[in-house]
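Per-entry structural report
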Amino acid sequence: MTRRAQANNRRFRIFLRISNFSSASGDQDGMVQTRSGFDMKFVALAFSCLLLFAMPASADDARTFDAMVALANRGDAEAQYHVGMMHNNGIGTQQDRSQALGWFQKSAAANDPLGAYKLARPIRESAAFGPD
């Protein structure tokens, strides 16, 4: 499922929760009205339209990835970690765990604690050490 589909799915679930609240907590005909007389279903519909047409925050992942790679190639340890995470999670690029590992190694070599953590985490969670 794409990020846009996931965002739309979340918006639809929020709309369903709002509309279920409206019909479950109203008077006999299922309508909830505020003191000013607005129907809550109208408010829920307006809110869902607003959510539906809102642009997701992650709409420009590819450009963000390219900018982060440029910083990482200049030696920025934090950017190297973030490029590794983007490869690891497939944000702005295809998911590639081996590329992610390489970027985490570069980040750790540049003394970034998050890069070192991503390298040490699988070892710590192995059977020899046990989970937290």
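Everything quoted here is computed from the prediction, not taken from an experiment.

**Topic: the environment of Asn111**
- Structurally, Asn111 can be placed in the loop between α5 (97-109) and α6 (113-124).
- Asn111 sits in the exposed class, given a relative accessible area of 69%.
- Along the sequence, Asn111 and Glu78 sit 33 residues apart, while their C-alpha atoms lie 9.4 Å from each other.

**Re helix α4 (residues 77-89)**
- The terminal C-alpha atoms of α4 lie 19 Å apart, and with 13 residues this matches the ideal 18 Å at 1.5 Å per residue to within 8%.
- For α4, the tally of buried residues reaches 10 of 13 residues, placing the bulk of the element in the interior.
- Regarding α4, the residues found buried are Ala77, Ala79, Gln80, Tyr81, Val83, Gly84, Met85, Met86, His87 and Asn88.
- Backbone nitrogen of Glu78 and a side-chain oxygen of the N-cap are separated by 3.0 Å at the start of α4; the cap is Asp76.
- Immediately downstream of α4, the backbone of Gly90 shows phi near 70 degrees, a positive value.

**What about the confidence of the model for the protein chain?**
- With 49% of its residues at a pLDDT of at least 70, the protein chain reaches an overall mean of 74.
- Within the protein chain, α5 carries the highest mean pLDDT (93), whereas helix α1 (residues 3-24) carries the lowest (61).
- Overall, residues 22-30 carries pLDDT values under 50, and its contacts beyond four positions in sequence, including any with other chains, amount to 10 contacts.

**Thoughts on the packing of α4 against α5**
- Packing of α4 against α5 brings their axes to within 8 Å, and their N-to-C directions diverge by 165 degrees. In terms of their interaxial angle, α4 and α5 are classed as roughly antiparallel. When you trace α4 past α5, the crossing you get is left-handed. Contact with α4, carried on its side by Ala77, Gln80, Tyr81, Val83, Gly84, Met85, His87 and Asn88, involves Arg97, Gln99, Ala100, Trp103, Phe104, Lys106 and Ser107 of α5 and no other residues of that element.
- Its residues assigned to classes, the contact of α4 with α5 shows 7 nonpolar, 6 polar and 2 charged.

Scoring rules and cut-offs
Residues numbered from 1 in each chain as written. Predicted model: local features only at pLDDT ≥ 70, side-chain atom pairs only at ≥ 80, totals over all residues. Heavy atoms only, no water. Helix = DSSP H or I, 4+ residues; strand = E, 2+ residues; numbered from the N terminus. Buried < 20%, exposed > 50% of the residue type's maximum accessible area, 1.4 Å probe, protein only. Expected span 1.5 Å × (residues − 1). Polar contact = N/O pair within 3.5 Å; in protein donor to acceptor, adjacent residues only side chain to side chain. pLDDT = per-residue confidence, 0-100. Contact = heavy atoms within 4.5 Å. Axes fitted to C-alpha atoms, helices over the stretch in contact; angles between N-to-C directions. Parallel < 35°, antiparallel > 145°, perpendicular 65-115°, else oblique. Left-handed = near helix turned anticlockwise from the far one by under 90°. Nonpolar A, V, L, I, M, F, W, Y, C, P; charged D, E, K, R; others polar.

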